[in-house]
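For reference, the chains in residue letters:
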Amino acid sequence: MRPEKLLFPAPEGLYCPAGGFHVDPVRPVARALITHGHSDHARAGHGAVLATRQTLDIMRLRYGENFCDSEQAVGFGEEVSLNAVRVRFHPAGHVLGSAQIAIESGGTRICVSGDYKRQPDPTCTPYEPVACDVFITEATFGLPVFHHPDPRAEIGKLLTSLKQFPERTHLVGAYALGKAQRVIALLRRAGYDEPIFIHGALTKLCDYYQAQGIDLGDLRPATVERGSGENFRGAVVVGPPSAFADRWARRFSDPVTSFASGWMMVRQRAKQRGVELPLVISDHCDWPELTATIRDLAPSQVWVTHGREEALVRWCDLAGIAARPLHLVGYEDEGD
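Residues numbered from 1 in each chain as written. Predicted model: local features only at pLDDT ≥ 70, side-chain atom pairs only at ≥ 80, totals over all residues. Heavy atoms only, no water.

1. Examining the overall build of the protein
When helices and strands are counted, the protein shows nine helices and 19 strands. Oriented by its inertia axes, the alpha-carbon framework of the protein measures out at about 65 × 45 × 30 Å. A sequence separation of at least 24 residues applies to 60% of the contacts in the protein between residues at least 6 apart. Carbon and sulfur atoms form 49% of the exposed surface of the protein, whose accessible area is close to 13700 Å². Of note, the protein has its 36 positive side-chain charges centred 3 Å away from the centre of its 40 negative side-chain charges. (Helix = DSSP H or I, 4+ residues; strand = E, 2+ residues; numbered from the N terminus. Contact = heavy atoms within 4.5 Å. Areas by Shrake-Rupley, 256 points an atom, 1.4 Å probe, with all protein chains shown as cover. Lys, Arg positive; Asp, Glu negative; His and termini not counted. Charge placed at Lys NZ, Arg CZ, Asp CG, Glu CD.)

2. Describing the pattern of salt bridges
The full count for this structure, using the stated rule, is 20 salt bridges. The salt bridge involving aspartate 57 is made with arginine 53; its shortest N-O contact spans 3.2 Å. Placement of both aspartate 57 and arginine 53 in helix α2 (residues 53–63) is noted, with a separation of four residues, approximately one turn of the helix. A residue is classified by how much of its surface remains accessible, and aspartate 57, at 17% relative accessible area, is buried. When its relative accessible area of 38% is taken as the criterion, arginine 53 is described as partly exposed. The network of salt bridges with shared partners includes Arg53, Asp57, Arg60, Glu65 and Glu71. (Salt bridge = Lys/Arg side-chain N within 4 Å of Asp/Glu carboxyl O. Buried < 20%, exposed > 50% of the residue type's maximum accessible area, 1.4 Å probe, protein only.)

3. Observations concerning the environment of glutamine 119
You can see glutamine 119 is positioned in the loop between β10 (108–112) and β11 (134–139). We classify glutamine 119 as buried; its relative accessible area is 14%. It is 14 Å that separates the C-alpha atoms of glutamine 119 and leucine 96, two residues lying 23 residues apart in sequence. Dropping the residues within four chain positions of it, glutamine 119 is found in contact with His148, Pro149, Pro151, Arg182, Ser282 and Glu289.

4. Considering the pairing of strand β18 (residues 301–307)
With five of its seven residues buried, β18 lies for the most part within the structure. In the sheet, β11 pairs with β18 via six bridges, with the strands oriented parallel. Of the residues in β18, the one forming a bridge with glutamate 138 is threonine 305. The parallel pair β18 and strand β19 (residues 322–325) is bridged by helix α9 (residues 309–318), and the resulting crossover is right-handed. (Pairing = 2+ DSSP bridges. Right-handed = clockwise from strand over helix to strand, strands pointing away.)

5. Brief notes about the sheet that holds strand β9 (residues 99–105)
Read from one edge to the other, the open sheet built from seven strands follows the order β7-β8-β9-β10-β11-β18-β19, with strand pairing classed as mixed. Taken across any chain shown, the strands that pair with only one partner, and hence form the sheet edges, are β7 (79–82) and β19. Strand-to-strand, the axes of this sheet are offset by a mean angle of 20°, without reference to chain direction. Where β9 meets β10, five bridges bridge the pair, whose relative direction is antiparallel. Opposite isoleucine 103, over in β10, you have isoleucine 110 as the bridge partner. The strands that helix α8 (residues 287–297) touches are β11 and β18; relative to β11, the one it contacts most, it runs at about 175°. (Axes fitted to C-alpha atoms, helices over the stretch in contact; angles between N-to-C directions.)

6. Overview of the sheet that holds strand β16 (residues 256–260)
Strand order in the open sheet made by the six strands is β14-β13-β15-β12-β16-β17, with parallel pairing throughout. With one partner strand each, in any of the chains shown, β14 (219–221) and β17 (277–279) form the two edges of the open sheet. Neighbour-to-neighbour, the strand axes of the sheet open up by a mean angle of 25°, direction not taken into account. Note that strand β13 (residues 196–198) and strand β15 (residues 236–239) share three bridges and pair parallel. The partner of phenylalanine 197 across the bridge, within β15, is valine 237.

7. So, the pairing of strand β8 (residues 85–91)
Within β8, five of the seven residues are buried, which leaves it mostly tucked inside the rest of the structure. Inspection of the sheet shows β7 paired to β8 by four bridges, in the antiparallel sense. Along β8, the bridge assignment pairs valine 80 with valine 87. Hairpin connection between β7 and β8: a loop of two residues separates the two successive antiparallel strands, and asparagine 83 in this loop has a positive phi of roughly 60°. Of the pairings in the sheet, the one linking β8 to β9 comprises six bridges and is antiparallel in character. Pairing of phenylalanine 89 across the sheet is with isoleucine 101, part of β9.

8. Considerations on unusual backbone geometry
Although it is not a glycine, asparagine 83 adopts a positive phi angle of roughly 60°. Secondary-structure assignment places asparagine 83 in the loop between β7 and β8. Even without a glycine there, the phi angle at aspartate 254 is positive, about 40°. Note that aspartate 254 resides in the loop between α6 (247–250) and β16.

By themselves, these are just geometric observations and shouldn't be taken as functional.
The following block contains the structure:
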């Protein structure tokens with residue numbers, strides 16, 4: 001089967017007519033296959049949803065019990081038949097429960113990678129390469145300038161700042177799903193065993209990660225009443241980026257403002273956010289990882305989606321690999 005017949009962009013998202021399903025649709029559809037729980041990929045309101053157990057649980061935590069009409073959990077490596085199409089979920093290494101979806105019919109296999117990363121991450125199952133004819137890759141950091149440093153070294157910067165400024169609260173902005181838990185786990189692995197205080201928006205997801213066997217240590221609520229900001233001197237406080245614009249963040253005493261994101265490589269972004277201590281910690285591949293993955297898989301075609309599509313398409317062309325952009329809309333960088 002020609003790849004374009006098996007899977008193609010539709011207004012709702014990638015559509016497989018032979019299987020009667022969409023992948024990560026941006027609008028409600030009858031049947032959705034979801035790669036992971038970030039809100040730009042996992043939306044409420046679908047009829048039937050097929051995803052890993054952890055992604056389904058995360059969707060329920062974020063959207064409530066009735067986030068879809070029916071759900072089916074699939075394990076990594078388990079094959080499911082949808083009409084004449086076989087699908088199999090493989091680890092993507094992005095966040096807890098994240099998956100690549102291999103779609104196969106008529107002798108053609110397409111791998112929809114969703115969001116993925118190759119760096120080690122103690123909070124999720126590592127990325128697994130999937131042999132395929134067509135590889136659909138994101139390109140969030142799909143420019144040669146993006147070379148992400150070792151996240152352990154970035155956490156080292158935070159620990160150094162804690163020693164240098166023991167009288168100041170260290171506020172760390174990190175997305176609620178994946179990044180916050182990864183930052184906390186990296187701190188623990190670096191030997192930081194003090195209580196870590198978290199914004200209420202992180203509680204349910206951190207509790208779920210802990211219930212899944214991911215040790216985040218002693219977490220306590222970062223409840224700031226009037227005048228109580230002094231109580232957090234010398235502490236690490238983790239909250240979602242949105243919380244840094246409201247009164248909650250302004251109640252801490254002389255804070256060191258930090259933000260964990262791959263975008264912290266861009267100095268202007270850090271400056272715009274008023275970030276004093278940028279931490280370049282990304283849950284996406286950088287340029288060398290994107291190109292290495294394509295080389296490793298050696299697919300016949302590469303389809304590039306949400307991100308810096310043209311640069312990666314150009315690299316593929318120069319490498320003799322057929323490639324094209326998909327120009328999908330509705331996907332942001334929530335998980336970075």
